[in-house]
Amino acid sequence: SIATFLIILYGVHGSVLWSLKKLVEVTKMDKSKYWKKVIAPQRLLTASSAAIGGPATAAALAQSNQWESLLTPSLLVGNVGYALATFIGLLFYGAANKSLL
């Protein structure tokens, strides 16, 4: 069902984000200011929202929490994700359609 799919989607996505954050912390990379900015919770939440919900939800999240500096990147990442996913989906469809014939 759709609920099972969404639970798996959000679970895997959250696990990957959490694992990357822990990996950076374990490797002691978080002592530099650069890595602290990259894995800031605001950035991870906005990127996660853009990846799963698209640009509209990511922009809404950034604006509602007054993260003005993340508003434009959330729109860009969400739209680039849509563009890439559309072509990847078409490639998968083409490959699956050829294998079925």
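Heads up: the structure comes first, above all this text.
Every value quoted in this text rests on a predicted model; they were computed, and no experiment measured them.

This part takes up the packing of helix H3 (residues 41-53) against helix H4 (residues 55-64). Orientation of H3 relative to H4, taken along the N-to-C sense of each, is 155°, at an axis distance of 7 Å. With respect to H4, the element H3 is oriented roughly antiparallel. Both H3 and H4 take part in a crossing whose hand is right-handed. From H3, Leu-45, Thr-46, Ser-49, Ala-50 and Gly-53 reach across to H4, where they touch Pro-55, Thr-57, Ala-58 and Leu-61. Grouping the constituent residues of the contact of H3 with H4 by class yields five nonpolar, four polar and no charged.

The next subject is the layout of surface pockets. Here the largest pocket is characterised by a volume of approximately 180 Å³. Around the largest pocket, the lining comprises ten residues; the ones closest to its centre are Arg-43, Ala-47, Leu-70, Pro-73 and Val-77. At the level of secondary structure, the elements contributing two or more residues to the lining of the largest pocket comprise H3 and helix H5 (71-100). Considering every element that reaches the lining of the largest pocket, the biggest residue donor is H3, with five residues. Across the lining of the largest pocket, the residue classes tally to seven nonpolar, two polar and one charged.

We now examine the environment of Ala-47. One can find Ala-47 in helix H3. Along the backbone, Ala-47 and Ser-74 are 27 residues apart, and their C-alpha atoms lie at a distance of 6.7 Å.

This part covers H4. Every buried residue of H4 is listed here: Pro-55, Ala-58, Ala-59 and Ala-62. Within H4, the buried residues cover an arc of 95° as seen down the axis, which keeps them to one side. Those residues of H4 that are exposed and aimed more than 90 degrees away from the buried face are Ala-56 and Ser-64.

Right, let's get into the environment of Leu-17. Mapped onto the fold, Leu-17 is located in helix H1 (residues 2-26). Separated by 28 residues in the primary sequence, Leu-17 and Leu-45 have C-alpha atoms spaced 9.3 Å apart.

With that settled, the discussion passes to the packing of H1 against H3. Across the interface, H1 lies against H3 with an axial gap of 11 Å and an inter-helix angle of 150°. Seen along the crossing, H1 lies across H3 with a hand that is right-handed. Residue-level inspection shows Leu-9, Tyr-10, His-13, Leu-17 and Lys-21 of H1 in contact with H3, the latter providing Leu-44, Ser-48, Ala-51 and Ile-52. In terms of residue class, the contact of H1 with H3 is built from six nonpolar, two polar and one charged.

Let us look at the side chain of Thr-46. By the secondary structure assignment, Thr-46 is in helix H3. When its relative accessible area of 4% is taken as the criterion, Thr-46 is described as buried. Excluding residues within four positions of it along the chain, Thr-46 makes contact with Ala-58, Leu-61, Trp-67, Leu-70 and Ser-74.

Parameters at a glance
Residues numbered from 1 in each chain as written. Predicted model: local features only at pLDDT ≥ 70, side-chain atom pairs only at ≥ 80, totals over all residues. Heavy atoms only, no water. Axes fitted to C-alpha atoms, helices over the stretch in contact; angles between N-to-C directions. Helix = DSSP H or I, 4+ residues; strand = E, 2+ residues; numbered from the N terminus. Parallel < 35°, antiparallel > 145°, perpendicular 65-115°, else oblique. Left-handed = near helix turned anticlockwise from the far one by under 90°. Contact = heavy atoms within 4.5 Å. Nonpolar A, V, L, I, M, F, W, Y, C, P; charged D, E, K, R; others polar. 1 Å grid on protein atoms, 1.4 Å probe; cavity = no way out; pocket = protein on both sides within 12 Å on 5 of 7 lines; lining within 4 Å. Points joined across faces, edges and corners; volume = space filled by probe spheres on them. Buried < 20%, exposed > 50% of the residue type's maximum accessible area, 1.4 Å probe, protein only. Arc of directions from axis to C-beta.

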